[in-house]
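Summary of structural features
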Amino acid sequence: MEIGITTFVETTPDVETGKVSSHAERIREVVEEIVLADQVGLDVFGVGEHHRKDYAASAPAVILAAAASQTSRIRLTSAVTVLSSDDPVRVFQEFATLDAISNGRAEIMAGRGSFIESFPLFGYDLKDYDELYNEKLDLLLKIRDSEMITWSGEHRAPIQNRGVYPRPVQNPLPVWIASGGTPQSVARAGVLGLPLVLAIIGGSPLQFAPLVQLYKNAAEQAGHDVSKLTVASHSHGFVGESTESAADKFFPSTQAAMNVLGRERGWGPYTRATFDNARSLEGALYVGDAQTVAEKIIFLRKNVGITRFMLHVPVGSMPHHEVLKAIELLGKEVAPLVRSEIERWEAEEQRMS
């Protein structure tokens, strides 16, 4: 059971002071967060790509590379790379370079992107949303699997027997399929035999159990070894010294961020009742003390089949020292509880089978 962190490197106003961190300041803070995550034994850190004023990470590979030389073990991934509006050649080159700097710790999470600002920025038409992703994923995987490429498509100039360099340390470079939970994207990941990451940020995580089974069924029918496939979740949360203090610290920035997105996307207001309901055992918020958060992650592993859990913190803007403390608690207190129980449970399952 792998445990890690994701961040979107937000630069929204602090809900108490109104202060807005500069992009430069927030990026440097995230490098500190990655270094700490490595020091406290977390397995993976993901940085999400956005192209708007309230998010600082338009180039996740560069931020991850800054942390790569200061870390030794933690895996470094995008969360996600908006592949539809990027060039797969450059994506591969950037993450192969990151793989070299980190000595084999780079990963790519390839997604369509729920934010669409990058499409007009880079000159793409949203009517081609699905076609762009399908075509570019095909090219990315071909580059990953072969040094010399001959390829043609509808939305990019063809490539005729050209090499793509550098080649990564890892062979193959890990490419995950990121999904918001549509059956089509889940099944596609299974058919391709690629690891799957699900954004479990609302409703009940139990609703994702049939999708995990669909993924495994599609992989098995395509001839892949299901036992080697991994499924990750990306879920909002925060770890504090007590469950009450964690909730009180995490709610204000979460409410502010969710209400901004709600106004953009037509959602209703985000209330404390909504927040508290999602903190229940079967809810999608992982907020509380170490024991509470560990119990929820264990529940997710046993009932949904998640083998990598990524806590998304912060949501909105929180004081940097609070984020660092949550990362420390996740690594030093939550992760050992989870790993110990999952190891015991899996041994029992194996003995009973």
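Read on for a plain summary of the structure. Predicted model, so just to flag it, every value in this text is computed and none were measured.

Among the structural elements, V260 can be located in helix α8 (residues 243-265). Between the alpha carbons of V260 and E25 there is a distance of 22 Å; along the sequence they are 235 residues apart.

Right, let's talk about the pairing of strand β9 (residues 196-199) for a bit. In this sheet, β9 lies alongside strand β8 (residues 175-179) in parallel orientation, the contact comprising three bridges. Directly across from A178, in β9, lies its bridge partner V197. Where β9 and strand β10 (residues 231-239) come together, four bridges link them in parallel fashion. By the bridge assignment, L196 is partnered in β10 with V231.

Here helix α7 (residues 209-221) is 13 residues long and its end C-alpha atoms lie 18 Å apart, about the 18 Å a rise of 1.5 Å per residue gives. Within α7, the full set of buried residues consists of L211, V212, Y215, A218 and A219. Along α7, the residues classed as buried sweep out an arc of 125 degrees about the axis, all on the same side. Facing away from the buried side of α7, by more than 90 degrees, are the exposed residues P210, E220 and Q221. The inward-facing, buried residues of α7 abut α6 (183-192), β9, β10 and α10 (290-304). Positive backbone phi, at 90 degrees, marks G223, one or two positions downstream of α7.

Of note, the amide linkage connecting Y165 to P166 takes the cis form, showing an omega dihedral of 0 degrees. With respect to the helices and strands, the residue P166 is situated in the loop between β7 (159-163) and β8. Following N171, the chain continues to P172 via a peptide bond in cis, the omega torsion being 5 degrees. By secondary structure assignment, the location of P172 is in the loop between β7 and β8. For V9, which is not glycine, the phi dihedral falls at a positive 55 degrees. Here V9 is to be found in the loop between β1 (2-7) and α1 (23-39).

Criteria and cut-off values
Residues numbered from 1 in each chain as written. Predicted model: local features only at pLDDT ≥ 70, side-chain atom pairs only at ≥ 80, totals over all residues. Heavy atoms only, no water. Helix = DSSP H or I, 4+ residues; strand = E, 2+ residues; numbered from the N terminus. Pairing = 2+ DSSP bridges. Expected span 1.5 Å × (residues − 1). Buried < 20%, exposed > 50% of the residue type's maximum accessible area, 1.4 Å probe, protein only. Arc of directions from axis to C-beta. Contact = heavy atoms within 4.5 Å.

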